[in-house]
Amino acid sequence: MIEVKNISKGFKGKQVLDNVSCLFEKGKTNLIIGASGSGKTVLMKCVVGLFEVDKGAVYFDGRNFSEMNFKERKPIRQEIGMVFQGGALFDSLSVEKNVMFPLNMFTTQTYKEKLDRVNFCLQRVNLVNVNKLFPSEISGGMKKRVAIARAIAMNPQYLFCDEPNSGLDPQTSIVIDNLIKELTEEYNMTTIINTHDMNSVIEMGDHIVFIYKGKKFWEGSYEELRDTDNKEVNDFVFATKIMKAVKANG
Amino acid sequence: MFKVLWFEVGRYWIFMKGLLIKPEKFIVYYRQVMLELVSIGIGAMGIVVITSIFMGAIITIQSAYNLVNPLVPLYAVGIVTRDSIILEFSPTIILLVLAGKVGSSIASEIGTMRVTEQIDALEIMGINSSGYLTLPKIVAAIIILPFVVLLSMFMGIVGGWAAGALSGVVPSADFIKGVQDQFVPFNIAFAMIKTVVFAFIVTSVSSYHGYYTEGGALEVGQSSTKAVVYSSVVILIFDYILTQLILV
């Protein structure tokens, strides 16, 4: 469980997050949604510690992450897996070496044990015979899946995904969504997904946080979202004809 | 302007502090150092050999052109060529050339990693990204560049000898006599000290500029240019300081 308590963050005098509090529960896919520039990426980066918060605190299962220094954060960081928007795979390493990277850095396993784990993770994301390929040789969807494989290599307790569907076709997006949801349930992880893909909201939104102009504007389940009367939420979520039809048909 | 300068200097030292953090796993860093030895050292051989041969040849011909006084023996050209190459050309000019080749490569590599969130990925894993990306490059440069500079010295003198002999400006025997005459072994040590300092400057300054890249492809290019310019200026400043401190 991750608890965000009253965090604020600004850059060069501009307030990007203003007193945001929310709770991300274990075993659920928690979605952060909001328009471009609303502050959802900043919120996620504050939660994982890539940005230091100006005010407030982030708790990972009761541990105050915001107050810790680099050394104290290390054990928690090893419990975190993150899938970046562009994959953030290391260009100079093959797919196999990318997934093996955290194992090389933080475990004392033998090469065979690490290779077995890599192959298991790659199979888990439905990738076979790609071990020796480099990131430049695989498609966008495959990159995302390799990134997910790398993120789960260390058996994380917390999984963060920053717009996992951006740049992907609808079918591949559904595959990625389902994969994240399955992994969340399988490993009982606390998963936080930053998205503005409304299909993802329908497919896997257990708990949804709506960020509007740097503030947490709304929070609830998908069913609550579908039935809400909140104008800003409705304007954002049900902006397209397809989503309007979804709302109309329940 | 001074405010910006102090900001950059301060941030550089904060960045360098990251190198003092104990590596997560020595074997991984060791492997990185091996890769960087090849990338920085072997990758630079071609340009170093070509530059050295031609610079040696030019120094010889220009020295001969200027030393036309009958009171100055012809072998003085060999002395001038040797000392110019050992004291200044190989440790300084070659490192300036490498600031262009290796420095821009380091800055663009790390800069691209920054804008594609690869550095964020390292940080999320709990890896000290500045240390992981920079320390192996600095260590490799400090190990391999003295050998590259020694090679440059040798090739420069060979280039000078060949130019003198082929053009007939300095007969081979006179040039070789000059190269051997009044040789001061400490000059080599001085050149090595300069090389180690300059190797540190090129790799650390270039890594710093790459690490703090913000934006996209355009900014990566700008960081790469800044890395070369700042490395070159700092090398020249330290060239003066070291010469003043050690030789005078």
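In this text the structure is predicted, and so the values were computed from the model without any measurement.

**Student:** Help me understand the pairing of strand β10 (residues 215-220) of chain A, please; the structure alone is not making it clear to me.
**Tutor:** On any regular strand, side chains alternate: one points to one face of the sheet, the next to the other face. Residues and elements named next belong to chain A. Sheet topology note: the strand β9 (residues 207-212)/β10 ladder contains 5 bridges and is antiparallel. When the bridges of β10 are listed, Phe210 appears paired with Trp218. From the end of β9 to the start of β10, which pair antiparallel, there are 2 residues, and Lys213 there has a positive phi angle of about 50°.

**Student:** For this particular structure, what's the right way to read the sheet that holds β9(A)?
**Tutor:** Each strand in a sheet pairs with another by means of backbone hydrogen bonds, the pair being arranged parallel or else antiparallel. Residues and elements named next belong to chain A. Read from one edge of the open sheet, 6 strands run β6-β7-β8-β3-β9-β10, paired in mixed fashion. The open sheet has two free edges, formed respectively by β6 (80-83) and β10, since each of these has just one partner strand. This sheet shows a mean twist of 15° between the axes of neighbouring strands, independent of strand direction. As defined by bridge partners, strand β3 (residues 29-33) adjoins strand β8 (residues 190-195) across 5 bridges and the pair is classed as parallel. Following the sheet pairing, Thr29 is matched in β8 by Thr191. Of the strands in this sheet, β3, β6, β7 (158-162), β8 and β9 are in contact with helix α1 (residues 40-48), which crosses β8 at around 150°.

**Student:** Would you explain helix α3 (residues 95-106) of chain A in this entry?
**Tutor:** It helps to recall that an α-helix has 3.6 residues per turn; residues three or four apart then point in one direction. All of the buried residues along α3(A) are Val95(A), Asn98(A), Val99(A), Met100(A), Phe101(A), Pro102(A) and Leu103(A). Summarising the contacts, the buried residues of α3(A) are in contact with α4 (111-124) and α5 (140-152) of chain A.

**Student:** Looking at this structure, how should I read the packing of helix α3 (residues 45-66) of chain B against helix α6 (residues 129-167) of chain B?
**Tutor:** Helix packing geometry: the angle between the two helix axes and the distance between the axes. All names here are of chain B. Where α3 meets α6, the axes come as close as 6 Å, and the angle between the chain directions of the two elements is 45°. Of the possible angle classes, the one that applies to α3 and α6 is oblique. Here α3 and α6 pass one another in a crossing that is right-handed. Across the contact of α3 with α6, the residue classes break down as 16 nonpolar, 9 polar and no charged.

**Student:** Could you clarify how one ought to interpret the interface of chain B and chain A in this entry?
**Tutor:** How big an interface is tends to be expressed through the accessible area that disappears when the partners come together. Listed as interface residues are 13 residues of chain B and, on the opposing side, 16 residues of chain A. Element by element, the count of residues in the side of chain B that touches chain A is highest for helix α5 (residues 118-124) of chain B, at 5 residues. Taken together, the residues that form the side of chain B that touches chain A break down as 5 nonpolar, 3 polar and 5 charged.

**Student:** Help me understand the pairing of β3(A) in this model?
**Tutor:** Residues and elements named next belong to chain A. The buried fraction of β3 amounts to 5 of the 5 residues, a majority that puts the element mostly inside the structure. Covered by surrounding structure in β3 are Thr29, Leu31 and Ile33 together with Asn30 and Ile32, the residues of both alternating faces. Looking at chain direction, β3 and β9 are connected through 4 bridges and run parallel. Paired with Ile32 across the two strands is Val209, which belongs to β9.

**Student:** Help me understand the environment of Gln157(A), please; the structure alone is not making it clear to me.
**Tutor:** Residue and element names in this part refer to chain A. Along the chain, the position of Gln157 falls in the loop between α5 and β7. By the C-beta count within 10 Å, which is 19 here, Gln157 ends up partly exposed. Residues Gln157 and Gly140 lie 17 residues apart in sequence; the distance between their C-alpha atoms is 26 Å. Beyond its immediate chain neighbours, meaning those up to four positions away, Gln157 contacts Glu79, Met189 and Thr190.

**Student:** Would you explain the sheet that holds strand β5 (residues 63-64) of chain A in this entry?
**Tutor:** Residue and element names in this part refer to chain A. Strand order in this open sheet of 4 strands is β2-β1-β4-β5, and the pairing throughout is antiparallel. Of all the strands in the sheet, the pair left with one neighbour each is β2 (14-24) and β5. In this structure, strand β4 (residues 55-60) lies alongside β5, joined through 2 bridges in antiparallel fashion. Residue pairing in the sheet places Phe60 in a bridge with Arg63 of β5.

**Student:** Hey, could you run me through the confidence of the model for chain A in this one?
**Tutor:** For residues with low pLDDT, the predicted coordinates do not support detailed interpretation. Chain-level pLDDT for chain A is 89 on average; 99% of the residues reach the 70-or-more range. Looking at the elements of chain A, mean pLDDT is at its lowest for helix α10 (residues 241-249) of chain A, recorded as 73, and at its highest for α3(A), recorded as 95.

Cut-offs and rules
Residues numbered from 1 in each chain as written. Chains lettered and ligands numbered in written order. Predicted model: local features only at pLDDT ≥ 70, side-chain atom pairs only at ≥ 80, totals over all residues. Pairing = 2+ DSSP bridges. Helix = DSSP H or I, 4+ residues; strand = E, 2+ residues; numbered from the N terminus. Axes fitted to C-alpha atoms, helices over the stretch in contact; angles between N-to-C directions. Contact = placed C-beta atoms within 7 Å. Buried ≥ 20, exposed ≤ 12 C-beta atoms within 10 Å, placed from the backbone. Parallel < 35°, antiparallel > 145°, perpendicular 65-115°, else oblique. Left-handed = near helix turned anticlockwise from the far one by under 90°. Nonpolar A, V, L, I, M, F, W, Y, C, P; charged D, E, K, R; others polar. pLDDT = per-residue confidence, 0-100.

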